[in-house]
Every structure is written in structure tokens, then in C-alpha cells.
Amino acid sequence: MSLKKKVNAAITTVAALLILSIGIYIYSENIHNTADESAVSQIQVIKGESSVGADISGALSTGGNAGQSEEQGGASSAVSSEEPVSQNPLSLNAAYAIIADADGKIVFSKNPTVRCYPASLTKLLTVAVAADYVDEDFKFRVGDEIDLVAKDASKAYVAKGDVLTFKQLTDAVLLPSGNDAAYVMAVGVAREYEKNPDMPVAEAVNLFANLMNQKAAQLGCTGSNFVVPDGYHDPNHYTTAEDMLKITMYAYKVDIVRNAVGKVKETYIISGRTMTFVNSNKLIRTDSSYYYENAVGLKTGFTDEAGYCLAAVARKNGKEIFVIIMGAPNDGMRYADAIAAFNYSFK
């Protein structure tokens with residue numbers, strides 16, 4: 001073989017080896033990149049699963065504004081990859097709400113510590129406070145205090161000179177939500193407290209408001225201030241859903257309150273007149289489309305500023321649930337929210 005042919009053969013061999021080396025390098029890089037992409041994809045999936053678990057745990061640890069119950073746990077292992085996770089399984093129309101069992105364990109809450117107006121839910125505290133100072137047969141005489149009641153307020157239509165027992169007056173306050181009856185109760189209790197039957201009305205109302213605030217403080221309420229016995233709007237008369245729950249649960253333990261709020265209606269002969277007090281709570285009225293068979297009572301409330309409010313309690317299979325709805329957009333929505341809350345809690 002000539003020298004020229006030998007050189008050409010050597011060049012051809014080197015070129016072939018070079019091409020082979022480049023091919024091997026490109027192949028190995030493709031494999032490496034594919035493995036990296038697969039690893040990145042796996043990391044993203046793992047991070048995604050961890051994120052879901054963290055969000056759920058966070059919602060539970062913050063007290064449940066996202067509506068998670070403790071049954072749903074804080075561990076991500078309870079989350080199925082095949083089922084969507086709802087972080088707010090209970091959607092309510094009301095601006096403020098809270099649900100608790102009879103032991104005070106919170107099942108759900110929505111803006112529970114935000115200041116709001118209680119409207120006539122106030123009257124649960126009014127009667128509970130009065131029960132500390134008078135007994136069921138104590139007699140109240142209706143006087144000038146009913147002149148303080150606004151014309152557009154809900155009334156029991158007691159009249160000056162009427163004499164009612166504490167039991168009768170409680171029904172007048174809690175069933176038809178009588179603002180007039182609430183003022184009669186406040187003034188009568190304040191005068192009895194001071195042993196001064198001639199105490200001026202305004203002074204008596206202020207004293208009773210102080211008693212209300214003292215009771216609220218004893219119950220652990222930290223975001224409330226009460227200035228009137230009926231809940232008619234006053235910018236300085238406010239509470240929170242959480243505080244209202246404390247007041248409601250306490251009031252329901254007071255015999256005269258519990259006995260009243262479960263009645264659909266009650267009829268009395270007062271000062272020679274037949275007076276029937278009908279409960280405004282549609283959850284316990286069988287003639288209402290919002291009747292809820294497990295509901296056992298409590299109170300409605302409304303002002304333009306407070307919106308539609310409801311404190312409700314229901315009992316099923318030995319389990320008792322309290323629901324506070326505040327700031328609902330309309331009458332129907334407060335009842336729909338309460339029923340949804342009960343169904344959620346009893347499931």
C-alpha cells in the first residue's frame with residue numbers, strides 16, 4: 001500500500017472514531033436530561049401534595065374560618081389523591097357565624113371575633129341578667145319606660161299600668177321580641193337592685209346596661225359593649241359572634257330562658273286583656289317553610305345595621321348544637337344558614 005493510501009485510511013479511521021464518540025456523548029446526555037426532567041416532575045408532584053396538606057392543617061390550626069371540623073384532622077395522609085379537598089365545606093351567606101357543641105367545642109366559625117351588632121339577640125342577655133335578681137313570680141308594672149321604644153321597633157304591646165310576672169314578661173321579651181317588654185324588665189330589675197322604686201327611667205336603664213356588661217365580662221366576652229336592653233341600634237352597642245355564643249350558651253342554661261325560647265306561643269290574661277305572644281323563630285314553628293324538626297329554641301334579631309340574626313339550638317341523637325348567625329342578607333338566608341349549619345354539624 002502506498003503512503004498516500006495509508007494516510008487516507010488513517011484519516012478515515014480517526015473520523016469514524018470521532019463520529020462514534022460524539023454519538024455516544026449525545027446519547028448519554030439525552031438519557032441524563034430525561035432523568036432530570038422525570039425527577040423534577042416527581043418533585044413538583046410531591047410539593048403539590050405537601051401543599052394541600054399544609055393548607056388543610058393551617059385552616060384547622062387557625063380556629064376553623066375555613067370551616068374544617070376536627071374530624072377531618074390535620075394530617076395530610078388523610079387526604080385521598082383521588083378525591084378533591086374542600087377547604088370550606090360549609091358556605092354561609094351570613095357575614096359572621098359560629099357553631100359549637102354543648103361543651104363549647106367550636107365546629108365552625110366565620111369572622112367570629114369581628115365586631116358586629118346583635119340586634120334583638122341582646123334580649124337573651126337581658127333576661128339572663130334579670131334572672132340573677134328576681135324570681136319567676138316577681139311583678140313588673142309597665143310605666144313610662146315604654147316611651148323610650150322606637151316606633152318601628154318590634155313590640156309585645158304591653159300598656160302602661162299592666163302588671164306582669166317575670167315569667168310572663170320573659171315570654172313577652174323573647175317570643176314576639178318585644179322591645180317595650182325589654183325596657184320594662186330593665187327598669188324593674190334596676191329599681192329592685194337599688195331598692196329604689198322611684199329611680200328615674202334613664203338612670204335605671206344605664207344601671208341595667210352596667211349589669212349586662214358585668215355579666216358579659218364574667219362570661220369571658222372581650223369584644224362586646226351593651227347600652228340598651230332591647231338591641232335597637234346604637235353604634236356603642238356591639239358584640240362579636242364568639243361573644244354572642246358565650247352569652248347564648250349561658251342564657252340557655254337559665255331555666256326561665258330555656259323554657260321560653262322553646263315555646264311556639266303563649267297566651268295570658270294580663271290586666272283583663274287576653275295577650276298571645278308568638279315566637280318569631282321560624283325554625284320551631286311547624287307552619288313555617290323553615291321548620292327544623294330538631295330545633296328546640298332561642299332567638300331572632302334584626303336591624304338595618306345588624307342585618308338578619310339568629311341564635312339557634314338543636315338536639316339530635318343526644319347531641320346538642322348551638323348556632324349563631326349574624327349579618328345575613330335577608331330573613332330566608334339566616335334560616336337557610338342555620339339549617340345548613342345544623343346539617344353539617346349532625347352529619
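To keep things clear, this report deals only with the structure shown in the data block. Every chain is numbered on its own, with residues counted from 1 as its sequence reads. Two thresholds apply to this predicted model, a pLDDT of at least 70 for residue-level local features and 80 or more for giving and counting side-chain atom pairs, whereas whole-chain, interface and lining totals are computed over all residues. Excluding hydrogens and water, the side-chain values take into account all heavy atoms of the structure.

**Structural notes on the sheet that holds strand 1 (residues 96–101)**
- Strand order in this open sheet of five strands is 2-1-9-8-7, and the pairing throughout is antiparallel. Of all strands in the sheet, those bounded by a partner on one side alone are strand 2 (106–110) and strand 7 (295–303). The average angle at which neighbouring strand axes cross in this sheet is 5°, direction not considered.
- Where helix 6 (residues 241–253) meets the sheet, it contacts strand 1, strand 2, strand 7, strand 8 (307–316) and strand 9 (319–328), and its direction lies at approximately 135° from that of strand 9. At least two bridges found by DSSP between two strands are what make those strands a pair. Put simply, DSSP marks the helices as runs of H or I at least four residues long and the strands as runs of E at least two long, and each gets a number from the N terminus on. An axis is simply a line fitted to the C-alpha atoms; with a helix, the fit covers only the stretch in contact. Between two such axes, the angle follows the N-to-C directions and lies from 0 to 180 degrees. By definition, residues are in contact when any of their heavy atoms lie within 4.5 Å.

**Some thoughts on the packing of aromatic side chains**
- Here a Phe, Tyr or Trp ring, Trp counted by its six-membered ring, pairs with any other such ring whose centre lies within 6.5 Å, and the pair is stacked when the planes are under 30 degrees apart, edge-to-face when over 60, and tilted otherwise. Summed over all chains, the structure comprises nine aromatic pairs.
- Relative to phenylalanine 166, the ring of phenylalanine 140 has its centre 6.1 Å away and its plane inclined at 45°; by these criteria the two rings are tilted. Of this pair, phenylalanine 140 sits in strand 3 (residues 139–141) while phenylalanine 166 sits in helix 3 (residues 166–174), and the two are 26 residues apart along the sequence. Take phenylalanine 140 and phenylalanine 166: they sit in the same class, and that class is buried.
- Feature note: the residues Phe138, Phe140 and Phe166 constitute an aromatic cluster, connected by ring pairs.
- Geometrically, a charge over a ring is one whose NZ (Lys) or CZ (Arg) sits within 6 Å of the ring centre while staying within 35 degrees of the ring normal. Above the plane of the ring of tyrosine 238 lies arginine 115, whose end atom (NZ or CZ) is 3.7 Å from the centre. For the exposure calls, accessible area comes from a 1.4 Å probe over protein chains only, and a residue counts as buried if that area is under 20% of its type's maximum, exposed if over 50%, partly exposed in between.

**A few points about the layout of surface pockets**
- Only protein atoms enter the 1 Å grid used here, on which a cavity is any set of points holding a 1.4 Å probe that cannot leave and a pocket is any open set flanked by protein within 12 Å on both sides along at least five of seven lines; residues with an atom within 4 Å of a point are listed as lining. Grid points are joined across faces, edges and corners, and a volume is the space filled by probe spheres set on the points. When its volume is computed, the largest pocket comes out at roughly 390 Å³.
- Lining the largest pocket are 24 residues, with Ser120, Asp152, Ser154, Phe302 and Thr303 sitting closest to its centre.
- Contributions of two or more residues to the lining of the largest pocket are made by strand 7 and helix 8 (331–346).
- Of the residues forming the lining of the largest pocket, the biggest block, four residues, is contributed by strand 7.
- Residues that form the lining of the largest pocket fall into these classes: six nonpolar, 10 polar and eight charged. Residue polarity is assigned by list, with Asp, Glu, Lys and Arg as charged and Ala, Val, Leu, Ile, Met, Phe, Trp, Tyr, Cys and Pro as nonpolar; anything else, Gly included, falls into the polar class.

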